[in-house]
Structures are given as C-alpha cells and as structure tokens.
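# Chain and residue survey
Each chain, letter by letter, is given below.
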Amino acid sequence: MGKVIEVTWLRWDSKGYTDVFPVEEFAKEVQGAERLHIVRGPKGGTNHARYMLKVAGRVARLDYAFFKTFNDRHGMEIGVMEFDFSNLSRTRVDAVRWNGKILRGTDIRVQTRSVALASVADIVTESHRAMAKVLLRPGQVKFRAELDRVYGARCCLSGCNVAWALEGAHIDSFASAPSYHAGNGLLLRRDLHALFDAQKLGIDPSSRTAVFSDEALAWPEYKAWHKVAKLAKPQAGFENDAPSAPRLKARWEQFMKAQNE
C-alpha cells in the first residue's frame, strides 16, 4: 500500500480522469526534476503524463508544457498545475491552480488516500513479476526451443539474433489458453515481449505489421517500426507452425480495446 494524492477532474475535456501522484514525489524540495505519473481513465484504463517538477516550501509546480510532444501524443492537457499544501510534509493539498487559475470544488476533487499501486514503477514491476512466473512454468523452455526452430532463432519482428535477448511470447495468454504449440507463439526480443504482454504492442492480423501504443511511440525505434515492421514468415518446412490467424485476431481485438480504454 502507498499514499497518493488524487486529482479527479469534474469538468472540461478531462472530466472523469484522475491524476495520481505518490506523496513521495513531493517529499523533497527540488528545482527541476523530470517526473512521470499515472492518469486513470473513467473506464479504468491507465495512461501516463510527464512533467517537470519544482517543490519549495508548501508549493509544488508541475510543468506539463516542458514535455509537450510526449503529452500531446498521450492526449494530455498542456499547461502548468500548482499545488498549495496544507502542511510542510506536503501530503495534503489545500488548493490547486491550473495555468494560474484557482480550481474550485465544481472543477476538481482532491484527496489523499492509500492505494495498492501508487506509481508507474509499481505497475511495471508487477508486470515483470507476472512475466517471471510465466517464464518459470513447465513447458516454457520447450516452447522457446520450438520457436527458435520456426524462426531461425531470430526475433520475428526486429530480426535480432542475440539468443539472450529473445523470449517465447504467447499470442493467447497462458491464463486463458495454456497452449505451448508454436502456432500460439512469437519469438520476440525481450522488450517487445514486454510491450506485447502489456498491450502496448499489437499485431494487425490483416497486414501482420506491428502497431505500437501512443506511449511506446515516444521511443524512436518503436516509432520507426510502427505499421512498418512485419512478422517474419516461418522457415521452410515450418509453415504449419505459422501464428494462428484466429488467435492473432483475438489478440488484436484485446489490444484495440486496451487503446480505447
């Protein structure tokens, strides 16, 4: 559990969205520190906003305009938010300003509360823990070996052939369909596997090309591959081990749903 400050927007284009800040973000006085925080959507989905933070006394200044390109890509409002804290430990907010204007109770709701996940790092760490459990399951080693044979021990999207960087990714997750058949798998570079599992990377079943989430597009390499990188075909003799079309379609629908949320 961790304490967070939540700012829920009640009006304008941001209505229904909640900005989530771990109280530790404001524990120290800083003069220009790059920060990332969770934005929780009205349907339960999460996104991220990046800001430059200054903290002095009982005031914190969060400048989103400093990272305009990143925040535009994530659909975030561009401006400067300021917190006036009621205590020097900076755990409770007395007043909030947006671009210099005081926000009222009809504009936002602000609260400090305890939650299970408090930061982007917490979400990523939980994802890594879940992936570690998958990799330790019986059958995963054989699954990876099968995919090595199918794709010549190369990532089927990036072409990377560094053995230590590759992992076997399930198209239909283990939880919903415990299948270690090669047709339910993709041999992916580790970072691409992580993005695929987190619904930040999808495979368009019609074109077999990679589609990245807005968040992933912040990285130049992923942006260059977006709607360009195409799934490699299985090697000769392994045509029957090509990715299952129905499974790719179902996974694509999950990816698109995640983007809409």
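Up top is the structure.
Residues numbered from 1 in each chain as written. Predicted model: local features only at pLDDT ≥ 70, side-chain atom pairs only at ≥ 80, totals over all residues. Heavy atoms only, no water.

## A short note on the overall build of the protein chain
Tallying secondary structure elements over the protein chain gives six helices and 13 strands in all. Principal-axis analysis of the C-alpha atoms places the extent of the protein chain at approximately 70 × 35 × 30 Å. Sequence-distant contacts, at least 24 apart, represent 52% of the contacts inside the protein chain between residues at least 6 apart. With the model as given, the accessible surface of the protein chain reaches about 13,800 Å², and the carbon-plus-sulfur share is 53%. The distance from the centre of the 39 positive side-chain charges to the centre of the 30 negative ones in the protein chain is 1 Å. (Helix = DSSP H or I, 4+ residues; strand = E, 2+ residues; numbered from the N terminus. Contact = heavy atoms within 4.5 Å. Areas by Shrake-Rupley, 256 points an atom, 1.4 Å probe, with all protein chains shown as cover. Lys, Arg positive; Asp, Glu negative; His and termini not counted. Charge placed at Lys NZ, Arg CZ, Asp CG, Glu CD.)

## Comments concerning the pattern of salt bridges
Opposite charge on two side chains permits pairing when their charged atoms draw close. Taken as a whole and assessed by the stated rule, the structure comprises 17 salt bridges. Salt-bridge contacts for Arg11 lead to Asp107; the nearest nitrogen and oxygen are separated by 2.7 Å. One end of the pair, Arg11, is in the loop between β1 (2–9) and β2 (18–22); the other, Asp107, is in the loop between β8 (101–102) and β9 (108–115), with 96 residues separating them in the sequence. Using a relative accessible area of 3% as the deciding quantity, one classes Asp107 as buried. Between Glu82 and Arg97 there is a salt bridge whose closest N-O contact spans 3.2 Å. (Salt bridge = Lys/Arg side-chain N within 4 Å of Asp/Glu carboxyl O. Buried < 20%, exposed > 50% of the residue type's maximum accessible area, 1.4 Å probe, protein only.)

## So, the environment of Leu166
Along the polypeptide, Leu166 turns up in strand β10 (residues 166–170). Placed 75 residues apart in sequence, Leu166 and Thr91 show a C-alpha to C-alpha distance of 43 Å. With residues near it in sequence (within four places) discarded, Leu166 still touches Arg144, Ala153, Arg154, Cys155, Cys160, Leu187, Leu188 and Arg189.

## Re the packing of aromatic side chains
Following the criterion strictly, the structure yields 14 aromatic pairs and no others. Where Phe66 meets Phe67, the ring centres are 5.1 Å apart and the plane angle is 65 degrees; that geometry is what we call edge-to-face. Joined through ring pairs, the aromatic side chains of Trp9, Phe21, Phe26, Tyr51, Tyr64, Phe83, Phe85 and Trp98 make up one cluster. We note Arg251 situated over the ring of Phe196; from NZ or CZ to the ring centre the distance is 4.0 Å. (Phe/Tyr/Trp six-rings, centres within 6.5 Å; stacked < 30°, edge-to-face > 60°. Lys NZ or Arg CZ within 6 Å of the ring centre and 35° of its normal.)

## A word on the pairing of β1
Of all eight residues that make up β1, seven are buried, and the element is covered over most of its length. Alignment of β1 against β2, held across five bridges, turns out to be antiparallel. By the bridge assignment for β2, Val4 is matched with Pro22. (Pairing = 2+ DSSP bridges.)

## So, helix α6 (residues 245–260)
If you check α6, its first and last C-alpha atoms are 23 Å apart, about what 16 residues at 1.5 Å a residue would give, namely 22 Å. Those residues of α6 lying buried are Leu248, Arg251, Trp252 and Phe255. Looking straight down α6, one finds its buried side chains confined to an arc of 105 degrees; they lie on one side. Exposed side chains of α6 directed beyond 90 degrees from the buried face belong to Pro246, Lys257 and Asn260. Buried residues in α6 make contact with β10, α4 (190–197), β12 (201–203) and β13 (210–212). (Expected span 1.5 Å × (residues − 1). Arc of directions from axis to C-beta.)

## Thoughts on unusual backbone geometry
With the exception of glycine, most residues fall at negative phi, and the peptide bonds are largely trans. With phi around 50 degrees, Asn99 is a residue other than glycine that occupies positive phi space. Relative to the assigned elements, Asn99 resides in the loop between β7 (93–98) and β8. In this structure, Gln199 takes a positive phi of about 60 degrees despite not being glycine. Mapping Gln199 onto the fold places it in the loop between α4 and β12.

Scope: geometric values only; no functional claims are made or implied.
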